[in-house]
Amino acid sequence: MKGFVIASALTLVGSCATTRYSTKIENIKNNIQLTDSATVMRFANTITANELKTHLIAYASNDFQGRKTGELGQKKAANFLKEYYQSQNIYSPIKDSLYYQEISKAFLPDNIKSTENVLAYIKGSEKPDEVVIISAHLDHLGIEDDQIFNGADDNGSGTTALMEMAQAFQLAALEGFMPKRSILFLHLTGEELGLYGSRYYIENPIFDLNKTMVDLNIDMIGRIDKKHEDNPNYLYVIGADRISKELHFISEKINDTYFHLDLDYTYNDDDDHNRYYYRSDHYKFAQENIPVIFYFNGEHDDYHQATDTPDKIEYDLLATRARLIFSTAWYLANKEHKLIHNEDI
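The rules behind the values
Each chain has its residues counted from 1, running along the sequence as written. Two thresholds apply to this predicted model, a pLDDT of at least 70 for residue-level local features and 80 or more for giving and counting side-chain atom pairs, whereas whole-chain, interface and lining totals are computed over all residues. Side-chain metrics in this entry use all non-hydrogen atoms of the structure; hydrogen atoms and water are not considered. For the exposure calls, accessible area comes from a 1.4 Å probe over protein chains only, and a residue counts as buried if that area is under 20% of its type's maximum, exposed if over 50%, partly exposed in between. Numbering of helices and strands runs from the N terminus; a helix is a DSSP stretch of H or I covering at least four residues, while a strand is a stretch of E covering at least two. What makes two strands pair is DSSP finding at least two bridges between them. By convention a nonpolar core is built from buried Ala, Val, Leu, Ile, Met, Phe, Trp, Tyr and Cys residues, the set being connected through side-chain atoms within 4.5 Å. Two residues qualify as a contact provided that any one of their heavy atoms is within 4.5 Å of a heavy atom in the partner residue. Axis lines are fitted through C-alpha atoms, for helices just across the contact stretch, and the angle between N-to-C directions can take any value from 0 to 180 degrees.

Engineer: Go over the pairing of strand E10 (residues 292-296) with me, naming the residues and quoting the values.
Structural biologist: In terms of residue burial, E10 counts as a mostly covered element, since five of its five residues are buried. Neither face of E10 is exposed, since Val292, Phe294 and Phe296 on one face and Ile293 and Tyr295 on the opposite face are all buried. In this sheet, E10 lies alongside strand E7 (residues 212-218) in parallel orientation, the contact comprising four bridges. Opposite Ile218, over in E10, you have Tyr295 as the bridge partner. For strand E8 (residues 234-238) and E10, the ladder comprises three bridges, and the chain directions are antiparallel.

Below, the structure is given as structure tokens:
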């Protein structure tokens, strides 16, 4: 009889604990309120397929020689980005004008020349020391066997999406809609070599990592994989719930309210044999317990081939995906409180 009483008590405690957790989850969901929808969508819609196409045709052209880390083409790509931010009057977080975070060859694998991350930002109006990072890697594979690997999707798509988002945030700022937190537009080098640019940033952060709210990382969002040929309005979302379920709920709320893409979580499975969660720059931030989302369209026949060219990009779809990420960043930059981490639920 005594054993029964103890077992019943344990069951009751477990049930109460479960209820409390469920209540907290529901409270988190219910607290996600989208109050400035018209304003967000007005600036999100300044991200256009035509502008993305113009940027991407230039960025993934033969002139950039496949953007291999440390080589002339990658240097041209970095300068292209720098000049773009200068033209938009979007400053660098490094003394306003130093857009490059230099990385010496000693940090890199053998036979790789010095390189640079490219950084620009919009300073937060209320919490400037806190930062929302939107990242994309700027490099690709270069030239192999006299073939130029232009990397239009990988990662010209993410790079140009980031450029357009930066312009949209700047247009909003010029009209008085300043983000409460700073937004860092972070173009990372050396990703194809093994996440060297993001590792360098983590070891030499421009913003305090303890005040870095989130990294929204974009790597290949301009194409359609075979799984979704009959349903192209999709995007793989990876990692959103691993550190902060609140981030996952925010992502879903914004998509359900504005965009209605099929957010595919296939590759977020812990048992995913592709291990995409560990294979792009967001992972270096996740290792520091910074919540992340990795946006991805999946692999296709042109992945890491010389045939990954701008003519194969789905520009309207790229624009929609970029607007989703922009709107998510807008919410995060302006929400009252920091993201709730899973360990605190």
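Still more ground to cover, so stick around.
Engineer: Just give me the short version of the nonpolar core, but keep the residues and values in it.
Structural biologist: If you look at the biggest cluster of nonpolar residues, it comprises 74 residues, and the most contacted ones within it are Ile134 and Phe185. Considering every element that reaches this core, the biggest residue donor is helix H11 (residues 315-334), with 13 residues. Setting aside anything within four residues of it in sequence, one finds Ile134 in contact with Leu162, Met165, Phe169, Ile183, Leu184, Phe185, Leu186, Asp215, Leu216, Ile218, Ile325 and Ala329. Counting 25 residues, the second largest nonpolar core, distinct from the first, contains Tyr121, Leu184, Leu209 and Tyr236.

Engineer: Mind laying out the sheet that holds strand E6 (residues 181-188), listing which residues take part and the relevant values?
Structural biologist: The mixed open sheet is built from eight strands, whose spatial order is E1-E2-E6-E3-E7-E10-E8-E9. Only two strands of the sheet have a single partner each, and these edge strands are strand E1 (100-103) and strand E9 (262-264). Direction aside, the axes of adjacent strands within the sheet are offset by 25° on average. Sheet analysis places strand E3 (residues 127-137) next to E6, joined by eight bridges and oriented parallel. When the sheet's bridge partners are listed, Ala136 is paired in E6 with His187. Running at roughly 15° to strand E2 (residues 115-122), helix H4 (residues 72-87) makes contact with E1, E2 and E6 of the sheet.

So yeah, pure geometry; function would need other evidence.
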